[in-house]
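Single-letter residue listing:
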Amino acid sequence: MAGLSEKPQALGIDQESAEANKNSSSNKKSVHNRLLEKDKEEGGQGGDMSPSAGSSIKRSGSRPQLDVSKAEIQGNVEEKYPTILLPNQSDDLSHLALDIGGSLIKLVYFSRHEDQSTDDKRKRSVKERLGLSNGNRRSFPILGGRLHFVKFETRKINECLDFINSKQLHRGGAESPYADGATDGNAIIKATGGGAYKYTDLFKERLGVSLDKEDEMDCLVAGANFLLKAIRHEAFTHMEGQKEFVQIDPNDLFPYLLVNIGSGVSMIKVDGDGKFERVSGTNVGGGTYWGLGRLLTKCKSFDELLELSQKGDNRTIDMLVGDIYGGLDYSKIGLSASTIASSFGKTISEKKELEDYRPEDISLSLLRMISYNIGQISYLNALRFGLKRIFFGGFFIRGHAYTMDTISFAVQFWSKGEAQAMFLRHEGFLGALGAFMSYEKHGLDDLMVHQLVERFPMGAPYTGGKIHGPPLGDLNEKASDRNSKYLISWMEKFLRKGTEITAPVPMTPAAGTTGLGGFDVPLSRGSSLRSDASALNVGVLHLVPTLDVFPLLEDPKTYEPNTIDLADPSELEYWFTILSEHLPDLVDKAVASEGRTDDAKRRGDAFARAFSAHLARLMEEPAAYGKLGLANLLEMREECLREFQFVDAYRSIKQRENEASLAVLPDLLMEIDSMDEETRLLTLIEGVLAANIFDWGSRACVDLYHKGTIIEIYRMSRNKMQRPWRVDDFDLFKERMLGTGDKKKPPHKRALLFVDNSGADIVLGMLPLARELLRRGTEVVLVANSLPALNDVTAMELPDIVAEAAKHCDTLRRAAEAGGLLVDAMINSSRSSKGKSSSVPLMVVENGCGSPCIDLRQVSSELAAAAKDADLIILEGMGRALHTNLNARFKCDALKLAMVKNQRLAEKLLKGNIYDCICKYEPAS
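Numbers given to residues run from 1 along each chain, matching the order in which its sequence is written. Where local features are concerned, this predicted model is filtered to residues with pLDDT of at least 70; where side-chain atom pairs are given and counted, the filter is 80 or more; whole-chain, interface and lining totals use all residues. Excluding hydrogens and water, the side-chain figures rest on all heavy atoms present in the structure.

### Here's the deal with the overall build of the protein
Next up, step 1: Along its length, the protein carries 27 helices and 29 strands.
Next up, step 2: The contact criterion used is simple: two residues touch if any of their non-hydrogen atoms lie within 4.5 Å. Partitioning the intrachain contacts of the protein with sequence separation of at least 6 by distance along the chain shows that 74% fall at a separation of at least 24.
Next up, step 3: Here the open area of atoms and residues is found with the Shrake-Rupley method and a 1.4 Å probe, where only the protein chains shown may cover a residue. A total of about 39200 Å² of accessible surface is found on the protein, and carbon and sulfur atoms cover 49% of it. To qualify as a helix, a DSSP run of H or I must reach at least 4 residues; to qualify as a strand, a run of E must reach at least 2; elements of each kind are numbered from the N terminus.

Set out below in structure tokens:
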């Protein structure tokens, strides 16, 4: 971007002024009056881009306006900040921003989530009891939607324009009232990069929009700040082919050095939001590598040059320390024999012409020379200003493993291990994201890390490389005349693409190539370079304002949900095999849940191909989508099912198992009530462990289903319950519940029961335990999935199950009434009494996720509110108490209950066997 001593000057081009659209549109029923908003910007002045400590991004109001016709307050009008319902407002208002570079166009756009809110009386009752407002929705338009990241080659800019037009992103989205083209011609898109000037006329001609140019360095810093503060696994190190993610504390981010390697190199000291200065740079950068490489190797593209370096051996060109000292180290000053003494130095003494050297060796030597020097200069600047962190980004890196390795080694070498080079997963999108943030009231500034969920849609394994734009349409969108080019044959296109999937290529490092530090290179995957591989590492950011950190975690900063470390290749391969083997059965259940129609079969086939492609991609590069844990894999499977419109694959199975279990519940409760207090508590815990055997996610358990009914399997499981269990803290839990001798302890105030499976698990296991707690005067909150996952029970299903169970139990009925669960239920129980309703409530809240596991750093606001008065947590099931959270520590009492239904897991975690049980009790820390 700039040389060693040059001060780059901004082009003297005035910023376009923007005036809000003044439109009105009508339909057959009514005329919608638009809220007119006039926001005229002052023209920008060209000038010096020399360092400034107070640089900041200006905001503009170039967005479609709100339609306030027929607006009304939703919910309680007495609330201080009630939600205002805009019935005529489009749900798909979008922001769009571009970074148009010389080689790539990076595009960031926002789309709103579909509003799926319903008037749920039960949910409203729980919110009122927990003190949650129904009108706490914030006014920023960005919240409650998705951020999409897309790349196109600049030379194919018309494909980018077609994509924008197909989704009507320049008009606020396909469903926006502006999508029919009714604008006044003043629509504006935020853009940065040189192409924002070069292609202004083209955007005006093709889309009828003006490009509002944002300063490139402003955007770069703003984008980096947002990502480092908001994305949990954004930053990573890369040494000797190994990627390791670094957790950045948002409160301890500044200051840092941002090194942007484009044609030249700029080094920016960032002191805070909007506070930065360019402190150094070098004219030896990506342009140097490409320019010299083109002259010396005749390569036609940057990617071709990088690919050559994969096969190079720099020892034929570079002079090493060993060449000078007869193959020996220069140990006195700490230089190994493989250290490069002089780049290209060996060519001086050899009587060879250019054509006598291999282009591969030239490319590698050139790449090392430039990367090492950038790394060294960067570290010296960090040392100069006392900066602890150095982040690298820019076109030169592009996710290329060996480039990151060489820069990392240079920083480590010159700092003697005291500093590390770090890289960003979204580094190619810093400018576009910064331009996006220049919109007024974009809302990103207020987002917290727990409100961002990154998901990888079906196209993720195929994007990148030569396909910069999304090869497939969003399945949630419907084909129309406007976008049929992209969506009309999505299934055929996907199935055709699926046939091109190849098996993962094992890592086979090339032998013999050594240099600074002496490690073998390149440590790349496969035999050829995948161009712009970083595009493969970028998903869609879902912005969910209703997510919170679980407040009862002892230390959220050190909390790690995953128990299994998939960094172990053998562990990774094992679980990939398990998921692959389970896939045919899952597809069969999913197709059956949709009536086995032809459409369902096609979608089932497409789902299997998509999820297999994800597994192949991750087997090839486990860190491709960020830090990988078993919980992430299981959640990806469920997301993939939903993406192919399989909402609840086990729906009918869950219904049958619930009905069968509810039929025998009265007999079980009668048996329990006949026991003394101590025997009853033990029987209840045994019942939870025995009923947890019903898990359609376990191959061993699926095999059991073919050997008997669920009641027969449950009885068999109960009969095998013998203490001591593999982890057995029951006596400690019993002492807390019942006390010892005459010393009785007060009951818990509120218990959160994280439930697992439908059927016997919830009906014959967790509900009787909840009933016991209620009888002791403890409020009970059943915590269940927000969305279906395998045969797990959901928060939407639980009230009906409780209502049926309440027909046979006064305790459950009174508690459910007090908790608002029976608002709509018709309870006709011959045993019902007319006594005063219990003040101890039974409530249901959703956990905020749709996975068999749970990450307690991202839970629903309802659960977070319920946790504030809780003093007991019960985590039940393998997903919530074993795969995740086995080692989690809490501020209150915690009981973890699960039956281990996987032999490898039993051996690895417990040194036990399949069907062993854990009853792990941990008093408040």
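Next, the rest of the story.
### Here we look at the pattern of salt bridges
Pairs can form between side chains of opposite charge whenever their charged atoms are close.
Next up, step 1: In what follows, salt bridge is the name for a side-chain nitrogen of Lys or Arg lying within 4 Å of a carboxyl oxygen of Asp or Glu. By the definition in use, this model includes 49 salt bridges.
Next up, step 2: A salt bridge links D252 to R389; its shortest N-O distance comes to 3.7 Å. Of this pair, D252 sits in the loop between β11 (242-246) and β12 (256-261) while R389 sits in the loop between α9 (359-385) and β17 (390-393), and the two are 137 residues apart along the sequence.
Next up, step 3: Among the ionic pairs, D792 bridges to R880, the shortest N-O distance being 2.9 Å. Of this pair, D792 sits in the loop between β24 (779-784) and α23 (798-806) while R880 is found in helix α26 (residues 878-883), placing the two residues 88 residues apart along the sequence.
Next up, step 4: Any residue under 20% of the maximum accessible area for its type is buried, any over 50% is exposed, and the rest in between are partly exposed; the area is computed with a 1.4 Å probe on protein chains only. Taking the relative accessible area as the measure of exposure, D792 reaches 2% and is therefore buried.
Next up, step 5: By sharing partners, the salt bridges in this structure join E594, D599, R602 and R603 into a single network.

### Quick look at the side chain of E638
Next up, step 1: Here E638 lies in helix α16 (residues 630-643).
Next up, step 2: Classification of E638 by relative accessible area gives buried; the value is 3%.
Next up, step 3: Not counting residues within four places of it along the chain, the set of residues in contact with E638 comprises P788, A789, L790, G850, S851 and P852.

### A look at the pairing of strand β20 (residues 540-543)
Next up, step 1: Alternating positions in β20 separate into two faces, V540 and H542 on one and L541 and L543 on the other, with burial throughout.
Next up, step 2: Strand pairing is assigned whenever DSSP identifies at least 2 bridges connecting the two strands. The pairing of strand β7 (residues 145-153) with β20 spans three bridges and is classified as antiparallel. The residue bridging G145 from the neighbouring strand is L543, located in β20.
Next up, step 3: Direction of pairing for strand β19 (residues 452-455) relative to β20: antiparallel, over a ladder of four bridges. Within β20, the residue paired with V453 across the bridge is H542.

### Here we look at the sheet that holds strand β8 (residues 188-192)
Next up, step 1: Pairing is mixed across the open sheet formed by seven strands, whose spatial order is β9-β8-β5-β6-β7-β20-β19. With partners counted over all chains shown, the strands left at the sheet margins are β9 (210-213) and β19, one partner each. Shown here is a sheet whose adjacent strand axes are inclined to one another by a mean of 25°, direction ignored.
Next up, step 2: In the sheet, strand β5 (residues 96-100) pairs with β8 via three bridges, with the strands oriented parallel. If you follow D99 over to β8, its bridge partner there is T192.
Next up, step 3: Across the sheet, helix α4 (residues 200-207) touches β5 and β9, and the angle it forms with β9 is around 145°. Working convention: axes come from line fits to C-alpha atoms, limited for helices to the stretch in contact. Angles between N-to-C directions cover 0 to 180 degrees.

### Considering the nonpolar core
Next up, step 1: We call a set of buried residues a nonpolar core when its members are Ala, Val, Leu, Ile, Met, Phe, Trp, Tyr or Cys and they connect through side-chain atoms within 4.5 Å of each other. Among the nonpolar cores identified, the biggest contains 74 residues, and F550, F607, L633, L752, F754, L856 and F890 are the most heavily contacted of them.
Next up, step 2: Element by element, the count of residues in this core is highest for helix α14 (residues 569-593), at nine residues.
Next up, step 3: Boundaries of every domain are those given by an automatic assignment or by a domain database. Three or more residues apiece are contributed to this core by two domains, here domain 3 (562-644) and domain 4 (651-823 + 838-922).
Next up, step 4: Each residue touching L633, except ones within four places of it in the same chain, is listed here: L566, F576, L579, F611, L615, L618 and L628.

### A few points about α23
Next up, step 1: Counting buried positions along α23 yields seven of nine residues, so the element is predominantly enclosed.
Next up, step 2: If you check which residues of α23 are buried, you get L798, P799, I801, V802, A803, A805 and A806.

### Details of the sheet that holds β12
Next up, step 1: Here we have seven strands laid out as an open sheet, ordered β11-β10-β18-β17-β12-β13-β14, and mixed in their pairing. Sheet topology places β11 and β14 (275-282) at the edges, where each strand pairs with a single neighbour. Strand-to-strand, the axes of this sheet are offset by a mean angle of 35°, without reference to chain direction.
Next up, step 2: Two strands pair when backbone bridges link them, and β12 and strand β13 (residues 265-272) are joined in this way by six bridges, in the antiparallel orientation. Bridge pairing links N260 to S266 in β13.

### Examining the packing of aromatic side chains
Next up, step 1: Only the six-membered ring of Trp is used, alongside the rings of Phe and Tyr, when aromatic pairs are assigned; centres must lie within 6.5 Å, and planes under 30 degrees apart are stacked while those over 60 apart are edge-to-face, with the rest tilted. Per the stated rule, a full pass over the model turns up 24 aromatic pairs.
Next up, step 2: Between Y289 and F396 the ring centres are 6.0 Å apart and the planes differ by 85°, which places this aromatic pair in the edge-to-face class. Taken together, the residues Y289 in helix α6 (residues 286-297) and F396 in the loop between β17 and α10 (401-415) connect sequence positions 107 residues apart.
Next up, step 3: Pairwise contacts between aromatic rings join Y289, W290, F302, F395 and F396 into one cluster.
Next up, step 4: Definition used: whenever NZ (Lys) or CZ (Arg) falls within 6 Å of the ring centre and also within 35 degrees of the ring normal, the charge is taken to sit over that ring. Here R603 stacks its cationic end above the ring of F646, 4.8 Å away from the centre of that ring.

### Examining the packing of α14 against helix α27 (residues 903-910)
Next up, step 1: Two elements in contact, α14 and α27, have axes whose closest approach is 12 Å; the angle formed by their N-to-C orientations is 150°. Regarding the angle of α14 to α27, the classification is roughly antiparallel. Here α14 and α27 pass one another in a crossing that is left-handed. Facing α14, whose interface residues are S570, E571, Y574 and W575, α27 presents R904, L905 and K908.
Next up, step 2: Its residues placed into classes, the contact of α14 with α27 shows three nonpolar, one polar and three charged. Note on angle classes: values under 35 degrees are labelled roughly parallel, values over 145 roughly antiparallel, values of 65 to 115 roughly perpendicular, and the remainder oblique. Here a crossing is called left-handed whenever its near helix is offset anticlockwise from the far helix by less than a right angle, and right-handed whenever the offset is clockwise. Residue type decides the class: Asp, Glu, Lys and Arg count as charged, Ala, Val, Leu, Ile, Met, Phe, Trp, Tyr, Cys and Pro as nonpolar, and the leftover types, Gly among them, as polar.

### Quick look at the pairing of β5
Next up, step 1: Judged by how many residues are buried, β5 sits mostly within the fold: five of five residues are covered.
Next up, step 2: Residues L96, L98 and I100 point to one face of β5 and A97 and D99 to the other, with burial holding for every one of them.
Next up, step 3: Sheet analysis places β5 next to strand β6 (residues 104-112), joined by five bridges and oriented antiparallel. The residue of β6 that forms the bridge with A97 is V108.
Next up, step 4: Linking β5 to β6, which pair antiparallel, is a turn of three residues.

### Describing the environment of V793
Next up, step 1: Turning to its location among the elements, V793 is positioned in the loop between β24 and α23.
Next up, step 2: Its relative accessible area of 0% is what places V793 among the buried residues.
Next up, step 3: V793 sits 38 residues away from V755 along the chain, and the two C-alpha atoms are 7.5 Å apart.
Next up, step 4: In this view, V793 contacts V755, D756, N757, S758, A784, N785, L798 and I801; residues no more than four positions away in its chain are not counted.

### Some remarks on the confidence of the model for the protein
Next up, step 1: Confidence of the predictor in every single residue is expressed as pLDDT, which spans 0 to 100. Confidence in the prediction of the protein, expressed as mean pLDDT, is 77, and 72% of residues score 70 or more.
Next up, step 2: Here residues 460-536 scores under 50 on pLDDT; set against residues more than four positions off or in separate chains, the count is 181 contacts.

### Regarding a nonpolar patch on the surface
Next up, step 1: Two distance rules govern patches: like charges are joined within 9 Å, and nonpolar side chains (Val, Leu, Ile, Met, Phe, Trp, Tyr) within 5 Å, applied only to residues with over 30% relative accessible area and no salt bridge. A cluster of nonpolar side chains, namely I324, Y325 and L328, defines an oily patch on the protein surface of about 300 Å² accessible area.
Next up, step 2: Along the polypeptide, L328 turns up in the loop between α8 (321-324) and β16 (340-342).
Next up, step 3: Judged by relative accessible area, which is 55%, L328 ranks as exposed.

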